[in-house]
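# Chain and residue survey
Residue-level listing of the chains:
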Amino acid sequence: MDTLLLARLQFATTTSIHFLFVVVTLGLVTLLVGMQTAWVLTGNPKWERLTRYWGQLYVINYVLGIATGIVMEFQFGLNWSGLSRYVGNVFGAPLAIETLVAFFLESTFLGMWIFGWHRLGKGVHLALLWGVAITAYASAFWIMVANSWLQHPVGYEVRDGIAHLTDFGALLSNPSLGMAFGHVVSAALLVGGMLMAAVSAWHLIRRTPDFVLFRTSLRIGLVTSALAISLVQGFGFAQFGPVGGVQPTKFGGQSPEAQALIADWTTRFGPGDYTPPVLASVGLGFMILIGFTLGCVWLLLPLLFRDWIIRLRFPLWLVLLALPLPFVAVILGWIAREVGRQPWVAYGLLPTEQAVSPVGAPVMLASLIGFSLLLGTLAVTNWVLLARHAARGAVDPALGRPPAPPSESTHPEPALV
């Protein structure tokens, strides 16, 4: 098999799995901030129970997601040494910032939040969760800065065959960044909202004792999903303007701008097929279809605010069965964005075939199988643990459980002589 194809399959597999962890993490932490803030402001124990219950699911997803992110870092050096060597001075800068933010600040805040229950004041404990959320958004931002540079290289110059960063501000004002970042964040909110709504719907279908509690989380999830899908659609369609300006070949190649760019590339890099695979357009089409389907969540809002409708169960089954749709949509969106850049790793600057490491196909195949099995195991483990802890309900989640009082000693005190 072709080494380049195996490397691309490996990157697609590992990135897709990791992305699923990311959107759940980013979506849930936003909802957690809202629930714990409500608890601190109102003192209502309902919000504490909701924070502990959903926080436990968040922590499970976060811990296993970290492991998938480490694999992502390894790939750049192992499989894409041409990318690291040629554009590492530019592409590596936002990635380094993201690593510091995610693995140091975010993880530190989260660890203190997990072990700070009943040890820190409510205000300090809430501030830690706000820190987790802010650093999570910062991490996503810097990842999108790096990705947007690959979509539209700016602020660099090539010296001695290596790209060097000359204008850091240009990375932050990249026309392919703003709307894409908003699209990713709103997609994460959609995933988090639909996950919360679907789990709550499942408990309400089963008639668990905590009807009021899960009715509240159902409403939070549905309102979040309804608002998020509108943002997803807005940011998604708003990208067509910038994409057409900086990547005229992305979804076609028949425009005069695209033809002129292809002619220039043919002169610089030699003859070849510079139009992206049709998979990019297919992914985009199905993503838009799912987006419009999920827009129907607005129709459920008036229904699920009536308790007698909730007890009919039919709307709850609709919410539960819709849970896979946002996950499928985010993967299709990633395919449309990344495959649409082909045959370039850095658009118009570095062809994909020049970025892959010079290793044999058997080695790359072994790497593909090994990483796929590892990340697949982590993904299955994550969903099994999430399902198991979600099914237990919010009676007494382990996260935030008050410490047990010290037991009385059954042995008499030694007599003093």
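Quantities reported herein were computed from a predicted structural model and do not represent experimental measurements. (Residues numbered from 1 in each chain as written. Predicted model: local features only at pLDDT ≥ 70, side-chain atom pairs only at ≥ 80, totals over all residues. Heavy atoms only, no water.)

Counting secondary structure elements, the chain contains 16 helices and four strands. What you see for the chain is a C-alpha radius of gyration of 24 Å, in line with the 22 Å of a compact globule of 417 residues. By its C-alpha atoms, the chain is 90 × 70 × 40 Å across when sized along the principal axes. Looking at the chain as a whole, 52% of its 417 residues qualify as buried. Look at the contacts in the chain between residues 6 or more apart in sequence, and 82% of them connect residues 24 or more apart. (Helix = DSSP H or I, 4+ residues; strand = E, 2+ residues; numbered from the N terminus. Rg over C-alpha atoms; globule rule 2.2 N^0.38 Å. Buried < 20%, exposed > 50% of the residue type's maximum accessible area, 1.4 Å probe, protein only. Contact = heavy atoms within 4.5 Å.)

Going through the model one piece at a time under the given rule, you end up with four salt bridges. One salt bridge in this structure joins Arg 268 and Asp 264, with 3.3 Å as the shortest N-O distance. Of this pair, Arg 268 and Asp 264 both sit in helix α9 (residues 256–269), four residues apart, roughly one helical turn. For Arg 268, a relative accessible area of 46% gives the class partly exposed. Look at Asp 264 and you get partly exposed, because its relative accessible area is 35%. (Salt bridge = Lys/Arg side-chain N within 4 Å of Asp/Glu carboxyl O.)

To describe a pair of aromatic rings, you give the distance between the ring centres and the angle between the ring planes. Counted under the stated rule, the structure contains 17 aromatic pairs. For the ring pair Tyr 58 and Tyr 62, a centre distance of 6.0 Å and an interplane angle of 40° mean the geometry is tilted. Of this pair, Tyr 58 and Tyr 62 both sit in helix α2 (residues 45–78), separated by four residues, roughly a single helical turn. When its relative accessible area of 0% is taken as the criterion, Tyr 58 is described as buried. Looking at Tyr 62, the relative accessible area reads 8%, which means it is buried. Both rings, one in Phe 237 and one in Phe 292, keep their centres 6.0 Å apart while their planes meet at 35°; by these two values the pair is tilted. Remark: Phe 292 occurs in helix α10 (residues 279–294) and Phe 237 occurs in helix α7 (residues 211–238); sequence separation between them is 55 residues. (Phe/Tyr/Trp six-rings, centres within 6.5 Å; stacked < 30°, edge-to-face > 60°.)

A cis amide bond links Gln 342 with the next residue in sequence, Pro 343, at an omega value of 10°. Tracing the chain through its elements places Pro 343 in the loop between α14 (324–339) and β3 (344–346). With a phi close to 55°, Asp 160 is a non-glycine residue in the positive phi region. Residue position: Asp 160 is located in the loop between β1 (156–159) and β2 (162–165). For Asp 160, a relative accessible area of 80% corresponds to the exposed category.

Moving on, we get to the environment of Trp 317. Position of Trp 317 among the secondary structure elements: in helix α13 (residues 314–321). Judged by its relative accessible area of 41%, Trp 317 is partly exposed.

The α-helix advances 3.6 residues per turn, and as a result positions three or four apart in sequence lie on the same side. End to end, helix α1 (residues 3–42) covers 59 Å across 40 residues, agreeing with the expected 58 Å (1.5 Å per residue, within 8%). Taken from the residues just after α1, Gly 43 is the one with a positive phi, measuring 75°. (Expected span 1.5 Å × (residues − 1).)

Moving on, we get to a nonpolar patch on the surface. Judged by side-chain polarity, Met 1, Leu 5, Leu 9, Leu 365, Ile 369 and Leu 373 come together as a nonpolar surface patch covering roughly 580 Å² of accessible area. Those elements giving two or more residues to the nonpolar patch turn out to be α1 and α16 (361–391). In terms of residues, the nonpolar patch owes the most to one element, α16, which gives three residues. With respect to the secondary-structure elements, Met 1 resides in the segment before α1. (Patch = residues over 30% accessible without salt bridge, like charges linked within 9 Å, V, L, I, M, F, W, Y side chains within 5 Å. Areas by Shrake-Rupley, 256 points an atom, 1.4 Å probe, with all protein chains shown as cover.)

Here we come to the environment of Gly 55. Within the secondary structure, Gly 55 is located in helix α2. Distance from Gly 55 to Thr 14, taken between C-alpha atoms, is 26 Å for residues 41 residues apart in sequence.

Among the nonpolar cores identified, the biggest contains 124 residues, and Trp 54, Tyr 58, Leu 83, Trp 149 and Leu 218 are the most heavily contacted of them. Per-element tally for this core: the top contributor is α1, with 18 residues. Filtering out sequence-adjacent residues up to four positions away, Leu 218 remains in contact with Ala 197, Ser 200, Ala 201, Leu 204, Leu 304, Ile 310 and Leu 316. Ranked by size, the runner-up nonpolar core spans five residues in total, among them Ile 262, Trp 265, Tyr 274 and Trp 344. (Core = buried A, V, L, I, M, F, W, Y, C linked by side-chain atoms within 4.5 Å.)

The subject of this paragraph is the side chain of Gln 342. Counting through the fold element by element, Gln 342 comes out in the loop between α14 and β3. By relative accessible area, which is 11% here, Gln 342 ends up buried. For Gln 342, the side chain forms a polar contact with the side chain of Thr 352, separated by 2.8 Å. If we ignore the near neighbours within four places in the chain, the residues touching Gln 342 are Arg 8, Tyr 274, Thr 275, Pro 276, Pro 277 and Thr 352. (Polar contact = N/O pair within 3.5 Å; in protein donor to acceptor, adjacent residues only side chain to side chain.)

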